[in-house]
Amino acid sequence: MGFFITFEGIEGCGKTTQIRNLSDRLTVAGYNTLLTREPGGCRIADKIRAILLDAENQGMVPLTELLLYAAARAQHVAEVIVPAMNSGAIVLCDRFTDATIAYQHNGRGIERATIDSLNSLACQSLSPDLTVLMDCDVATGLARAKRRIEGASGPREERFELEALPFHQRVRDGYLRLAADQPNRFLTISASGTIDEISREITERVLERLALKTG
Ligand code: TMP
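Cut-offs applied
- Residues numbered from 1 in each chain as written.
- Predicted model: local features only at pLDDT ≥ 70, side-chain atom pairs only at ≥ 80, totals over all residues.
- Heavy atoms only, no water.
- Core = buried A, V, L, I, M, F, W, Y, C linked by side-chain atoms within 4.5 Å.
- Buried < 20%, exposed > 50% of the residue type's maximum accessible area, 1.4 Å probe, protein only.
- Helix = DSSP H or I, 4+ residues; strand = E, 2+ residues; numbered from the N terminus.
- Contact = heavy atoms within 4.5 Å.
- Axes fitted to C-alpha atoms, helices over the stretch in contact; angles between N-to-C directions.
- Parallel < 35°, antiparallel > 145°, perpendicular 65-115°, else oblique.
- Left-handed = near helix turned anticlockwise from the far one by under 90°.
- Nonpolar A, V, L, I, M, F, W, Y, C, P; charged D, E, K, R; others polar.
- Near = heavy atom within 4 Å.
- Polar contact = N/O pair within 3.5 Å; in protein donor to acceptor, adjacent residues only side chain to side chain.
- Areas by Shrake-Rupley, 256 points an atom, 1.4 Å probe, with all protein chains shown as cover.
- Pairing = 2+ DSSP bridges.

1. Describing the nonpolar core
In globular proteins that are soluble, nonpolar side chains generally tend to be buried together.
Working step 1: In terms of nonpolar packing, the biggest core is built from 50 residues, with Ile-5, Tyr-103, Val-132, Met-134, Ile-202 and Val-206 touching the most fellow members.
Working step 2: Examining the composition of this core, we find that six residues originate from one element, helix 3 (residues 62-86), more than from any other.
Working step 3: Dropping the residues within four chain positions of it, Met-134 is found in contact with Glu-8, Gly-9, Ile-10, Cys-13, Gly-14, Lys-15, Gln-18, Ile-189, Ala-191, Ile-198 and Ile-202.

Here you go:
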């Protein structure tokens, strides 16, 4: 069986850069890794991602949003993550079930029990072995996300970035609560150092966890 690591955090927290760096460092260290993301990670789920993040879809009701995330996850788990885990890989996923709790429960206000039952339906029996939470304050994160979107050449995936500040504050608080409730699974990293300092810290802490698992 492989090892499943997820990265979480608010918009602009730097997790996409950090998960890439971790994947590169683990590959150099000789590990077989698979880097993927949600929503997306395979052709069908990428199509669902385009609907979810399209800024023109402002009229999407919270339940539709939740069901689309669950549908994308079901496909991604079955088609990509479970086969990679069965082959013994370290799977690194940029966002997973905790994002649904933070965004659709804490952010949108959907009942936690509804989120939990859809997450477990979509995941079969899979759950992260380790979750890296990149924590940063909401104003800094949103400013960084805005710069990234304005500099991007592809579709403007900004439906969530357009939400007001209190929404993002609830999402951040939700993540911090999840991390406080499950200290053994979560590794909370302050996003305030340089990219390289943060990368080194994450790599060291992940290698410690991997050694515990194999040793
Ligand atoms: P990204 O910006 O990390 O690519 O994630 C896309 C957006 O999707 C981000 O705004 C967070 C949101 N999201 C949810 O609301 N619920 C989820 O379950 C997931 C995976 C992402």
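Past the structure itself, the notes keep going.
2. Thoughts on the packing of helix 4 (residues 97-107) against helix 7 (residues 165-181)
Working step 1: Axis separation between helix 4 and helix 7 bottoms out at 8 Å; the angle between their running directions is 130°. By the criterion of interaxial angle, the relationship of helix 4 to helix 7 is oblique. Two packed elements cross with a definite hand, and for helix 4 against helix 7 that hand is right-handed. Contacts between helix 4 and helix 7 involve Asp-98, Ala-99, Ile-101, Ala-102, Tyr-103, Asn-106 and Gly-107 on the former and, on the latter, Phe-167, Arg-170, Val-171, Gly-174, Tyr-175, Arg-177 and Leu-178.
Working step 2: Class assignment of the residues belonging to the contact of helix 4 with helix 7 gives a composition of eight nonpolar, three polar and three charged.

3. Brief notes about the site of the ligand
Working step 1: Taken together, 14 residues lie near the ligand, and Glu-11, Lys-15, Tyr-69, Arg-95 and Thr-100 sit nearest.
Working step 2: Arg-49 places a polar side-chain atom, nitrogen or oxygen, 2.9 Å from an oxygen atom of the ligand.
Working step 3: Taking 480 Å² as the accessible area of the ligand by itself, protein coverage stands at 93%.
Working step 4: Those elements giving two or more residues to the shell around the ligand turn out to be helix 2 (43-53), helix 3 and helix 4.
Working step 5: The element that contributes the greatest number of residues to the shell around the ligand is helix 4, accounting for four residues.
Working step 6: Among the residues making up the shell around the ligand, the classes are represented as six nonpolar, two polar and six charged.

4. Focus on the sheet that holds strand 3 (residues 90-94)
Sheet strands associate in pairs through backbone hydrogen bonding, adopting either a parallel or an antiparallel arrangement.
Working step 1: Read across the open sheet, the five strands follow the order 2-3-1-4-5; overall the sheet is parallel. Each of the sheet's edge strands pairs with one partner strand only, and the pair in question is strand 2 (33-37) and strand 5 (186-190). The average undirected angle you get between the axes of adjacent strands in this sheet is 20°.
Working step 2: Taken together, the four bridges between strand 1 (residues 3-8) and strand 4 (residues 130-135) define a ladder with parallel strand orientation.

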